Amino acid sequence: MLHIDDIDVEAPLERDLIYLRNRDVPGVIGKVGTILGENEINIANFSLGRRNDGAASEPREAIAVVHVDGRVPDDVLRKLEEIPAVRQAKAVQLF
C-alpha cells in the first residue's frame, strides 16, 4: 500500500509504471487507456486512489499507478498531461 499526500493506492512497485496525479472526474481512465493503446503500450495493472476529504462539490485529487509492459516515451507522457484533468504524468522504472 502506498500512502502519498493523504491518498492510499494499493499497487506493487515493480518494473515499468506511470504515476499520474489527476482530478477525480469521469473519463480519465478511458482517455489514459486510449492514449496508451494508440501508442501500443499495454496496461498490465491500473491502481487508483483518491483523497477522502474535501467538499462534495469539488473534484477530489486522485493518484493512479499504471503498470505497463515496457518503457513509456516522453511524447506519450506529454499526451497524458494534455488530458485536462491530469496534473502530472511521470514514467518510473523499477527493478
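This write-up is about the structure you can find in this document.

**A closer look at the overall build of the protein**
Of regular secondary structure, the protein possesses two helices and six strands. When its helices and strands are written in sequence order, the protein yields β-β-β-α-β-β-α-β. In terms of overall dimensions, the protein is globule-like: its C-alpha atoms have a radius of gyration of 13 Å, near the 12 Å expected for 95 residues. Its C-alpha atoms give the protein principal-axis dimensions of about 35 × 25 × 15 Å. The buried share of the protein, reckoned over its 95 residues, is 37%. Considering only contacts within the protein whose residues lie at least 6 apart along the sequence, 71% involve residues at least 24 apart.

**Here we look at the pattern of salt bridges**
The full count for this structure, using the stated rule, is five salt bridges. Linking D5 and R21 is a salt bridge whose minimum nitrogen-to-oxygen distance equals 3.0 Å. Here R21 lies in strand β3 (residues 15–23) and D5 lies in the loop between β1 (2–4) and β2 (7–9), a separation of 16 residues in the sequence. Judged by its relative accessible area of 46%, D5 falls in the partly exposed class. For R21, a relative accessible area of 12% translates into the label buried. A salt bridge links R50 to D24; its shortest N-O distance comes to 2.6 Å.

**Details of the nonpolar core**
By size, the foremost hydrophobic cluster in this structure holds 18 residues, and its most contacted members are I18, L20, L36 and L80. Within the residue set of this core, elements represented by two or more residues are β3, α1 (28–38), β5 (61–68), α2 (74–81) and β6 (86–94). The element best represented in this core is α1, accounting for four residues. In contact with L36, other than residues within four places in its own chain, are I18, I41, I43, V66, V68, V76 and L80.

**Examining the packing of α1 against α2**
Two numbers describe how α1 lies on α2: the axes approach to 10 Å, and their chain directions differ by 155°. Here α1 is positioned roughly antiparallel relative to α2, judged by the angle of their axes. Taken as a pair, α1 and α2 cross one another with a handedness that is right-handed. Where α1 approaches α2, its residues V32, I35 and L36 are matched on the opposing element by V76, K79 and L80.

**A word on the environment of L17**
Here L17 lies in strand β3. Considered as a pair, L17 and A89 are 72 residues apart in the sequence and their alpha carbons are 10 Å apart. Contacts of L17, omitting those with residues within four sequence positions, involve V65, V66, H67, V68, K90, A91, V92 and L94.

The rules we used
Along each chain, numbering runs from 1 in the same order as the chain's sequence is written. Per-residue local features of the predicted model are confined to residues with pLDDT of at least 70, and side-chain atom pairs are confined, for both listing and counting, to 80 or more; whole-chain, interface and lining totals are unaffected and use all residues. Remark: hydrogens and water are excluded; side-chain values derive from all non-hydrogen atoms of the structure. Numbering goes from the N terminus for both helices and strands, where a helix is a DSSP run of H or I of at least four residues and a strand is a run of E of at least two. It is over C-alpha atoms that the radius of gyration is taken, and the globule rule equals 2.2 Å times the number of residues to the power 0.38. Exposed residues in this analysis have more than 50% of their type's maximum accessible area, buried residues have under 20%, and partly exposed residues fall in between, with area computed by a 1.4 Å probe over protein chains only. What makes two residues a contact is simply this: any of their non-hydrogen atoms within 4.5 Å. Any Lys or Arg side-chain nitrogen located within 4 Å of an Asp or Glu carboxyl oxygen qualifies as a salt bridge. Throughout, nonpolar core names a set of buried Ala, Val, Leu, Ile, Met, Phe, Trp, Tyr and Cys residues whose side chains join them through atoms within 4.5 Å. In this description, a line fitted to the C-alpha atoms serves as the axis of each element, helices being fitted only across the stretch in contact, and the angle between N-to-C directions of two axes falls anywhere from 0 to 180 degrees. Under this scheme an angle from 65 to 115 degrees is roughly perpendicular, one under 35 degrees roughly parallel, and one over 145 degrees roughly antiparallel; angles in between are oblique. Note on convention: the crossing is left-handed when the near helix lies turned anticlockwise from the far helix by less than a right angle, right-handed when the turn is clockwise.

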